[in-house]
Amino acid sequence: MADDKKRPEDEPASAEETTEETVEEIIEAEVVPEGAASAAPADGIEEDELTVQDILDAAEREIAEPSSEHLADLKRVTAEYANYRKRTEANREVERERITGEVVKVLIPVLDDLGRAERHGDLAGDTAFATIAAKLRASVERLGLKPFGTVGDPFDPSMHEAIFQQPSPDVQTETVGDVVETGYYLGSSLLRVAKVVVQVPSDG
């Protein structure tokens, strides 16, 4: 009679319970614990094989003896920076001349008046007017303004504007005989051509 009573643990497991146990065993066998993949050494390298000192030593060796690829990159970056500096300096110089030119152009009519006054003898002596004129001319010259156009200079159409031609037996080529209006350069830029009377060789 005692054998007829079956204990719960002796009863065979149902199909549903067996399936659940099988699935759990498969999951436990196949699922990798989180972080295990990253903790595993890559390509067979031991975890303690590469140290911080090794990385620093490799960086120092690269600095001391850079690879050809890094050396080419360094040369390229250096060349690009040098070209950038050249362009920047050139643009800065052009912009400086442009701004200075705008300021100086306002003073050119005053310089013309001083030139006419000088030809009439109004700047002779140590008068206050002569002193002011000298200071103004020195100031604009420090800014880079250079006057040109002198009697006896060879006539140059790129620098001179001929307002009159005067035949002369004293010249062999076209020559500046008189300066009506002085020309000006600012650095390498031509601000204004000189208006001149041109002496040309005469036939007789």
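Everything here concerns the structure above.
Residues numbered from 1 in each chain as written. Predicted model: local features only at pLDDT ≥ 70, side-chain atom pairs only at ≥ 80, totals over all residues. Heavy atoms only, no water.

### Quick notes on helix α5 (residues 128–142)
Given 3.6 residues per turn, any residue in an α-helix points the same way as the ones three and four places further on. Operational definition: Secondary structure is summarised from DSSP: a helix means a run of H or I of at least four residues, a strand means a run of E of at least two, and numbering begins at the N terminus for each. The span you would expect from a helix comes to 1.5 Å times its residue count less one. The contact criterion used throughout is that any non-hydrogen atoms of two residues lie within 4.5 Å.
Along its 15 residues, α5 runs 21 Å from first to last C-alpha, staying within 8% of the 21 Å computed at 1.5 Å per residue. In this structure, the buried residues of α5 make contact with α4 (68–119) and β1 (145–148). Of the residues one or two after α5, Gly144 is the one with positive phi, at around 105°.

### Focus on the packing of α4 against α5
Put simply, the test is: To get an axis, fit a line to the C-alpha atoms, keeping to the stretch in contact for a helix; angles then go from 0 to 180 degrees between the N-to-C directions. Here the word oblique covers every angle except those under 35 degrees (roughly parallel), over 145 (roughly antiparallel) and from 65 to 115 (roughly perpendicular). Here a crossing is taken to be left-handed if its near helix is turned anticlockwise relative to the far helix by less than a right angle, and right-handed if that turn runs clockwise.
Axis separation between α4 and α5 bottoms out at 11 Å; the angle between their running directions is 135°. Between α4 and α5, the angle is such that the two are oblique. With respect to the hand of their crossing, α4 and α5 are arranged in left-handed fashion. Contacts from Leu107, Val110, Leu111, Leu114, Gly115, Ala117 and Glu118 in α4 reach Phe129, Ala133, Leu136, Arg137 and Val140 in α5.

### Examining the packing of aromatic side chains
The line we're drawing: Aromatic contacts are taken between Phe, Tyr and Trp rings whose centres are within 6.5 Å, Trp giving its six-membered ring; a plane angle under 30 degrees counts as stacked, one over 60 as edge-to-face, and the others as tilted. Note on exposure labels: buried denotes an accessible area under 20% of the residue type's maximum, exposed denotes more than 50%, and partly exposed covers the range between, all computed with a 1.4 Å probe on protein chains only.
Across all of its chains, the model carries one aromatic pair by this definition. Here Phe148 and Tyr185 contribute two aromatic rings whose centre-to-centre distance is 5.1 Å and whose plane-to-plane angle is 40°, an arrangement assigned as tilted. Of the two residues, Phe148 sits in strand β1 while Tyr185 sits in strand β4 (residues 183–186), which places them 37 residues apart along the sequence. Take Tyr185: its relative accessible area is 24%, and that puts it in the partly exposed class.

### Here's the deal with the pattern of salt bridges
As a reminder of what qualifies: Salt-bridge detection follows one rule: a side-chain nitrogen of Lys or Arg within 4 Å of a carboxyl oxygen of Asp or Glu.
In the structure shown here, the tally under the stated rule is nine salt bridges. For Arg76, the salt bridge identified is with Glu80, shortest N-O distance 3.4 Å. Here Arg76 and its partner Glu80 are both found in helix α4, four residues apart, which amounts to about one turn of the helix. Glu181 is paired through a salt bridge with Arg192; the nearest N and O atoms lie 3.6 Å apart. Of this pair, Glu181 sits in strand β3 (residues 175–181) while Arg192 sits in strand β5 (residues 189–192), and the two are eleven residues apart along the sequence. Here the residues in one salt-bridge network are Asp112, Glu181, Arg192 and Lys195, joined through shared partners.

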